[in-house]
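Next come the chains, spelled out residue by residue.
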Amino acid sequence: MQQHIEQALVNLNSLNPEKGGRIKKVLRRYMDIEIGLNEVNYELRDNDLIPMPSRCEMFGKANNTPEE
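Residues numbered from 1 in each chain as written. Predicted model: local features only at pLDDT ≥ 70, side-chain atom pairs only at ≥ 80, totals over all residues. Heavy atoms only, no water.

**Examining the overall build of the protein chain**
- When its secondary structure is counted, the protein chain shows 3 helices and 0 strands.
- Reading the helices (α) and strands (β) of the protein chain from amino to carboxyl end gives α-α-α.
- With 68 residues in all, the protein chain has 22% of them scored as buried.
- With the model as given, the accessible surface of the protein chain reaches about 5,800 Å², and the carbon-plus-sulfur share is 49%. (Helix = DSSP H or I, 4+ residues; strand = E, 2+ residues; numbered from the N terminus. Buried < 20%, exposed > 50% of the residue type's maximum accessible area, 1.4 Å probe, protein only. Areas by Shrake-Rupley, 256 points an atom, 1.4 Å probe, with all protein chains shown as cover.)

Have a look at this one:
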């Protein structure tokens, strides 16, 4: 989680101004102690500002067995 947020900061200047501005707004709210780190993570992911982790439980593969 923290690594994706840090990567967004590193790439901030190379992003288009709209996306960079949206990231800055979320991070400003965190710095002003309006939201916590988990909320930062969810807001950035929900708004497609940082990538979804590749090992997300939501995208786990179901095991197909003969009983199913």
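Text resumes after the structure shown.
**Details of the side chain of Arg45**
- Structurally, Arg45 can be placed in helix H3 (residues 37-46).
- Of the buried charged residues, Arg45 lacks a salt bridge, with Asp46 as the closest side chain of opposite charge at 7.7 Å.
- In terms of polar contacts, Arg45 uses its side chain to reach the side chain of His4, at 3.5 Å. (Lys, Arg positive; Asp, Glu negative; His and termini not counted. Salt bridge = Lys/Arg side-chain N within 4 Å of Asp/Glu carboxyl O. Polar contact = N/O pair within 3.5 Å; in protein donor to acceptor, adjacent residues only side chain to side chain.)

**Remarks on the confidence of the model for the protein chain**
- Considering every residue of the protein chain, the mean pLDDT works out to 82; 76% of them sit at 70 or more.
- Considering each helix and strand of the protein chain separately, the mean pLDDT is smallest for helix H1 (residues 2-10), with a value of 86, and largest for helix H2 (residues 17-31), with 93. (pLDDT = per-residue confidence, 0-100.)

**Looking at the pattern of salt bridges**
- Within this structure, the stated rule accounts for 4 salt bridges.
- For Arg22, the salt bridge is made with Glu18, and the minimal N-O distance between the two is 3.5 Å. Of the two residues, Arg22 and Glu18 are both situated in helix H2; the distance of 4 residues between them amounts to about one turn of the helix.
- Looking at Arg22, the relative accessible area reads 34%, which means it is partly exposed.
- The salt bridge involving Arg29 is made with Glu43; its shortest N-O contact spans 2.8 Å. One end of the pair, Arg29, is in helix H2; the other, Glu43, is in helix H3, and 14 residues separate them in sequence.
- Among the residues examined, Arg29 registers a relative accessible area of 30% and is labelled partly exposed.
- By relative accessible area, Glu43 is classed as partly exposed at 22%.
- Here the salt bridges do not stand alone but share partners, grouping Arg29, Glu34 and Glu43 into one network.

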